[in-house]
Each structure stands twice: as structure tokens, then as C-alpha cells.
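Each chain is listed here by its residues.
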Amino acid sequence: KCGFTKPPSQFSKQATGLNGLRADCKECHKHYTHSVEAVASAMLANQRKKSVQRGHPPPAYTKADLLSWLRAQPNFQMLFLVWAAKGFPTNLKPSCDRLDDYKPYTLDNLQLTTVEKNVDRYYQDAKRGINTKTAKAVLQFDLSDKFIQEFHSLSAAARSVQGIPSNINQAINGTHTQAYGYRWKTKDA
């Protein structure tokens, strides 16, 4: 891409490439991976992969549509410049987060953020019980099997008794009969 003839050591390995090497040199590849176009390509590829994992339809928009959407976001230029100025760390890379995690990727269900803030929001939403797709509800009973309350996750139940999730999980799975003075069950059990 740069037009210079370079020795093989300046090219990364690629099994499907000519002579087992990439077509672009390491410097050209590095330059591309830190471009707006590469960020959009990576976002779209990740969104397609995550859609399959979640059983959602893939995004109906193209890379060009996503690029237009990104460039129209008032904070995109600043996020991109900060990411570049800090040396392109993964945690500061611009990222798309779905506004409603229960809906598929659509341009009107996206907000622009960073990888770090996207991941943090996921964990904070799970902790608060907003996003419970991967959690199992846990029921708390006294030792005479009287129902006390329901928690959206094992971690939430453990926090309520200042305990450790694994101890409650052992009580649920029958390894122990109780934990922290209570009996525990999953909601579906």
C-alpha cells in the first residue's frame, strides 16, 4: 500500500497470503487499524458476531451507514483523538453500545462510547438488575423453608448477606444445606 519494496521481515505472517505473508507491510497495516474506517469495520464485525450469539438479526446497516452515523455523533472526533493521543489503548477505543440491551443493533438503538465505558455499563446494569440476561434469580428462605425474598442474581443475594456467591451456590447445589443462616434455591428449580 505504501509503494515501497520491503524485506519479508516487514510483513506479518498470514497463511492465506502470498508466500505466507500479508499483502500490506506492518506499518501500513498499523496505520489502517488505527483509522476511522478500520474502527467502523471492527465495530460492525463485532456487532454481527454478537447478534448471532444473542439470537438477534444481524445489523441491517452497511459499513458506509455506520461510518456516516459515527461521523454524525458530536463526540466521535474527540473520542477518536483521545484514543490516538493515548497510543490506541483498547479500553479507550470508540465503541457502540446498545441503548436497550434487549433489542438488536439498529442505528437508532446505538450510542457512542468507549470500550471501557461499554463494559462498565454492562457490569453496572447487571449488578443493579437492569440487565439480567446471564443471571439466574435466587430465592432466599429461612431454615423452616419460609420464603423471604427473591434476588435477580447470585451476586445480589451474596451482597445482601455480606457473603460470597460460591457459598450460596453450594447451598443451592446441595453441597451444603444452608449458607449464612438461610436456605437458597434458584427460581427455576
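These numbers were taken from a predicted model, which means no experiment stands behind them. (Residues numbered from 1 in each chain as written. Predicted model: local features only at pLDDT ≥ 70, side-chain atom pairs only at ≥ 80, totals over all residues. Heavy atoms only, no water.)

A. Focus on the overall build of the chain. Along its length, the chain carries seven helices and five strands. Moving toward the C terminus, one meets the helices and strands of the chain in the order α-α-α-α-β-β-α-β-β-α-α-β. In terms of overall size, the chain is more extended than a compact globule, its C-alpha atoms giving a radius of gyration of 24 Å where 189 residues would be expected to give roughly 16 Å. Viewed in the frame of its principal axes, the chain has a C-alpha envelope of about 80 × 40 × 30 Å. Partitioning the intrachain contacts of the chain with sequence separation of at least 6 by distance along the chain shows that 42% fall at a separation of at least 24. When the accessible surface of the chain is summed, it comes to about 11900 Å², and 54% of that surface belongs to carbon and sulfur atoms. Distance from the positive charge centre (27 side chains) to the negative charge centre (15 side chains) of the chain: 6 Å. (Helix = DSSP H or I, 4+ residues; strand = E, 2+ residues; numbered from the N terminus. Rg over C-alpha atoms; globule rule 2.2 N^0.38 Å. Contact = heavy atoms within 4.5 Å. Areas by Shrake-Rupley, 256 points an atom, 1.4 Å probe, with all protein chains shown as cover. Lys, Arg positive; Asp, Glu negative; His and termini not counted. Charge placed at Lys NZ, Arg CZ, Asp CG, Glu CD.)

B. Local environment of unusual backbone geometry. For N19, which is not a glycine, the phi torsion comes out positive at approximately 60°. With respect to the secondary-structure elements, N19 resides in the segment before α1 (26-33).

C. Representation of the pairing of strand β3 (residues 138-141) in the model. Neither face of β3 is exposed, since V138 and Q140 on one face and L139 and F141 on the opposite face are all buried. As paired strands, β3 and strand β4 (residues 147-151) are joined by four bridges and run antiparallel to one another. Each residue of the ladder has a partner; that of F141, found in β4, is F147. The antiparallel pairing of β3 with β4 creates a hairpin that spans five residues between the two strands, and D145 there sits at a positive phi of about 65°. (Buried < 20%, exposed > 50% of the residue type's maximum accessible area, 1.4 Å probe, protein only. Pairing = 2+ DSSP bridges.)

D. Structural detail: the packing of helix α2 (residues 36-54) against helix α3 (residues 63-72). Put simply, α2 and α3 touch, their axes get as near as 9 Å, and they point 115° apart. Along this stretch, α2 crosses α3, giving a crossing that reads as right-handed. In this structure, α2 contributes V36, E37, A40, S41, M43, L44 and Q47 to the contact, and α3 contributes K63, L66, L67, L70 and R71. Looking at the contact of α2 with α3 residue by residue, the classes come out as seven nonpolar, two polar and three charged. (Axes fitted to C-alpha atoms, helices over the stretch in contact; angles between N-to-C directions. Left-handed = near helix turned anticlockwise from the far one by under 90°. Nonpolar A, V, L, I, M, F, W, Y, C, P; charged D, E, K, R; others polar.)

E. Representation of the confidence of the model for the chain. Per-residue pLDDT for the chain has a mean of 88; in total, 95% of the residues score no lower than 70. Ranking the elements of the chain by mean pLDDT puts α1 last with 81 and α3 first with 96. (pLDDT = per-residue confidence, 0-100.)

F. Fine view of the environment of Q10. Relative to the elements of secondary structure, Q10 occurs in the segment before α1. Excluding its chain neighbours within four sequence positions, the residues that come into contact with Q10 are C25 and K26.

G. The sheet that holds β3, seen in detail. Spatial ordering of the open sheet is given by β4-β3-β5, a layout of three strands whose pairing is antiparallel. The sheet is open, and its two borders are formed by β4 and β5 (183-186), each paired with just one other strand. Put simply, the sheet's adjacent strands are angled 25° from each other on average, direction ignored. Pairing between β3 and β5: four bridges, direction antiparallel. Along β5, the bridge assignment pairs F141 with R183. Contacts from helix α7 (residues 165-172) reach β3 and β5, with the element oriented near 80° to β5.

H. Geometry of the nonpolar core. M43, L66, W69, L70, C96, L110 and L112 are the most contacted members of the largest nonpolar core, which totals 19 residues. The set of elements that each furnish at least two residues to this core consists of α2, α3, α4 (76-85) and β2 (110-114). Top contributing element to this core by residue count: α2, with five residues. Leave out the neighbours within four places in its chain, and M43 touches L66, L70, P94, S95, C96 and L112. Listed in part, the 10 residues of the second largest apolar core include V138, A157, A171 and A179. (Core = buried A, V, L, I, M, F, W, Y, C linked by side-chain atoms within 4.5 Å.)

I. Up close: the pairing of β2. By the criterion of burial, β2 is predominantly enclosed, with four of the five residues buried. Pairing of strand β1 (residues 94-98) with β2, which is carried by five bridges, proceeds in the antiparallel orientation. Looking at the pairing, R98 lines up with L110 of β2.

J. A look at the side chain of D24. One can find D24 in the segment before α1. Assessed through its relative accessible area of 7%, D24 is described here as buried. If we ignore the near neighbours within four places in the chain, the residues touching D24 are K1, F11 and H29.

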